[in-house]
Amino acid sequence: MSRTRLKIGVPIESKPAASGILKVSKREIVGQDGNPVILRGAGLASAVAKPKFAGGMLNMENFITSVVAGRICRIEGYPGHEPGMRKALKNVLGGEKYDFFFDKFLEYFFAEEDAKFFGSLGFNCIRLAVNYRHLEDDMNPGVYLERGFLWIDRIINLCAAEGIYTIIDLHAAPGGQNQGWHSNSGIHKAMFWEHIEFQDRAVGIWRAIAERYKGNTWVAGYNPLNEPAVEDHRQLLALYDRLEKAIREIDPHHILYWDGNTFAADFSQFEDPLPNSVYACHDYSSFGFPDNEIYTGSPGQREILLKTYERKTAYQDKIEGPIWNGEWGPVYAGPDDDPNWESINKVRYHVLKDQLTIYEERKISWSIWLYKDIGFQGMVYTAPDTTYMKRLKPFLQKKKSIAADAWGVDLSTVGHITKPIEDWLVQEVPSILHKYPPTWKPSRHVGRLIRNILMSEELYPEYAAYFEGLSFDELDELAASFKFGNCLQRKGLNDAIKPK
């Protein structure tokens with residue numbers, strides 16, 4: 001006898017926010033009363049973004065679930081890209097258990113306890129990363145999935161009850177809007193920019209979102225495209241014009257948050273600003289990641305932090321508009337990563353505090369990456385003694401040792417293998433030194449294809465085998481590893497970013 005699909009528990013709507021719908025006024029985000037609102041918060045990725053269990057709730061990134069690897073695999077720790085991981089799990093679990101596990105995971109990943117904790121720290125905004133696959137099936141485009149919208153409703157209402165706004169972020173668009181793993185296309189090309197059908201679908205999705213949430217005072221606005229990356233800037237600007245018109249036909253009031261080109265870092269070709277819009281940078285610092293110069297807070301290093309920020313926000317200064325730093329923050333080490341992990345994290349907190357000083361002095365809005373994962377970057381993370389972490393530990397350790405992920409990965413264990421390939425490419429096709437994106441070195445291109453795609457795809461069956469034969473109760477216990485009560489708090493991080 002088949003089970004009935006689990007019902008999504010959507011809390012009742014809260015009374016409207018006292019601010020009304022937020023809007024842009026010169027250099028500030030303000031309420032309808034004209035009072036300024038500085039949005040401070042974090043990204044929520046494994047629940048609605050990528051079904052990868054990595055960095056968000058509705059967009060799973062593999063770093064959200066891995067022990068130390070990449071950004072996508074660290075939330076849940078799965079390899080490769082979410083669609084491949086999901087297919088492998090469905091093969092071993094069957095349809096009913098597959099649906100049950102992911103429904104319970106999403107239910108537990110962000111619940112009332114999470115919203116209360118987040119609000120208790122003084123934060124007032126969640127950036128909800130959404131994977132388009134929660135809202136639309138690739139085999140049935142244009143028909144929107146009610147369950148996906150119910151998960152979004154649930155998070156908005158949970159947050160609203162605690163006085164927290166939500167910014168809806170399309171983190172993964174059809175075809176992939178950038179070359180990275182976190183756009184979740186499964187390949188190294190951003191096909192979104194090569195096929196009008198993908199862009200049409202993104203426009204349709206945003207029309208559906210606007211129809212659903214127009215008038216909702218607890219939605220602080222829409223972030224139409226996370227970290228786009230296209231060599232021809234004109235394509236991005238044309239799309240933004242098109243999206244703005246499509247959304248405004250339905251919802252003329254909510255703020256639109258537009259990411260810069262090349263992973264939200266380049267506004268050099270942007271022209272006049274769109275109305276009621278905020279232009280969003282992402283301000284990650286290399287000092288907060290492995291294999292980089294050790295940060296001591298020297299005058300020279302602090303100058304680098306400042307100049308990097310000023311470069312990414314020069315456009316906002318030029319147009320005299322508000323600034324929203326939509327993603328930032330270091331990654332952190334754990335006891336299994338390095339015997340000096342506590343000293344490493346102390347250095348990372350130093351980076352974080354010096355960046356935060358820049359933001360607070362300028363009174364900008366920001367959203368750190370991220371709220372919850374399995375111990376890599378989150379404010380809250382799954383405890384090592386939970387069922388999920390204990391069961392998957394051998395796999396997570398293997399994935400780390402072979403550097404299967406991309407985000408914050410330690411390449412020291414595989415450099416002797418990949419470096420000769422990189423050198424060979426530079427020698428034979430030196431044009432790779434100038435291949436788009438310009439921030440990618442040959443090692444990044446090689447790693448994307450060999451480690452993050454080819455090798456990671458071959459890990460799908462191995463990951464899925466850890467779920468094989470599990471009962472509904474055992475799957476429930478596995479998913480419950482992500483409940484707030486089964487997580488630890490990263491106190492050093494939370495104390496540093498808690499609004500004073």
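Up top is the structure these notes are about.
Only a predicted model underlies this, so the values are computations on that prediction, with no experimental measurement involved.

Caption draft 1: Region of interest: the pattern of salt bridges. Counted under the stated rule, the structure contains 31 salt bridges. The residue R5 makes a salt bridge to D99 at a minimum N-O spacing of 3.9 Å. Within this pair, whereas R5 is found in the segment before β1 (23-25), its partner D99 is found in helix α1 (residues 82-109), the two being separated by 94 residues in sequence. On the accessibility criterion, R5 (40% relative accessible area) is partly exposed. Measuring nitrogen to oxygen at the nearest pair gives 2.8 Å for the salt bridge that ties D423 to K419. In this pair, D423 and K419 both sit in helix α11 (residues 415-428), 4 residues apart, roughly one turn of the helix.

Caption draft 2: Inspection of the environment of P224 at higher detail. Along the chain, the position of P224 falls in the loop between β6 (219-223) and α5 (233-250). The class of P224 is buried, set by a relative accessible area of 1%. Note: C-alpha distance between P224 and L256 (32 residues apart in sequence) is 7.3 Å. Those residues in contact with P224, other than ones at most four positions away along the chain, are L170, W206, L243, I247, Y257 and W258.

Caption draft 3: Up close: the sheet that holds strand β12 (residues 380-382). Overall, mixed pairing links the 3 strands, which are arranged β11-β12-β13 in an open sheet. Each edge of the open sheet is held by one strand with a lone partner, namely β11 (372-373) and β13 (487-489). As paired elements, β12 and β13 share 3 bridges and run antiparallel to each other. Residue V380 lies in a different strand from β13, and its bridge partner there is Q489.

Caption draft 4: Spotlight on the side chain of R86. In this structure, R86 sits in helix α1. What makes R86 buried here is its relative accessible area of 15%. At a separation of 2.8 Å, a polar atom in the side chain of R86 contacts the side chain of Y98.

Caption draft 5: Quick look at the nonpolar core. One finds L39, I168, Y222, Y371, M379, F467 and I497 to be the most contacted residues of the largest nonpolar core, which totals 130 residues. In terms of residues, this core owes the most to one element, α1, which gives 12 residues. Apart from the residues lying within four places of it in its own chain, the contact partners of Y371 are A42, G43, L44, F110, D114, F117, F118, G378, M379, V380 and F484. Formed by 10 residues, the second largest nonpolar core is a distinct cluster that contains A129, Y284, F376 and W407.

Caption draft 6: Quick peek at the pairing of strand β9 (residues 323-327). Extensive coverage of β9 is indicated by the burial of 5 of its 5 residues. As paired elements, strand β8 (residues 277-282) and β9 share 4 bridges and run parallel to each other. Bridge assignment links H282 to a residue of β9, and that residue is E327. With 2 bridges joining them, β9 and strand β10 (residues 365-368) adopt parallel strand pairing. By the bridge assignment for β10, W324 is matched with S365.

Parameters at a glance
Residues numbered from 1 in each chain as written. Predicted model: local features only at pLDDT ≥ 70, side-chain atom pairs only at ≥ 80, totals over all residues. Heavy atoms only, no water. Salt bridge = Lys/Arg side-chain N within 4 Å of Asp/Glu carboxyl O. Helix = DSSP H or I, 4+ residues; strand = E, 2+ residues; numbered from the N terminus. Buried < 20%, exposed > 50% of the residue type's maximum accessible area, 1.4 Å probe, protein only. Contact = heavy atoms within 4.5 Å. Pairing = 2+ DSSP bridges. Polar contact = N/O pair within 3.5 Å; in protein donor to acceptor, adjacent residues only side chain to side chain. Core = buried A, V, L, I, M, F, W, Y, C linked by side-chain atoms within 4.5 Å.

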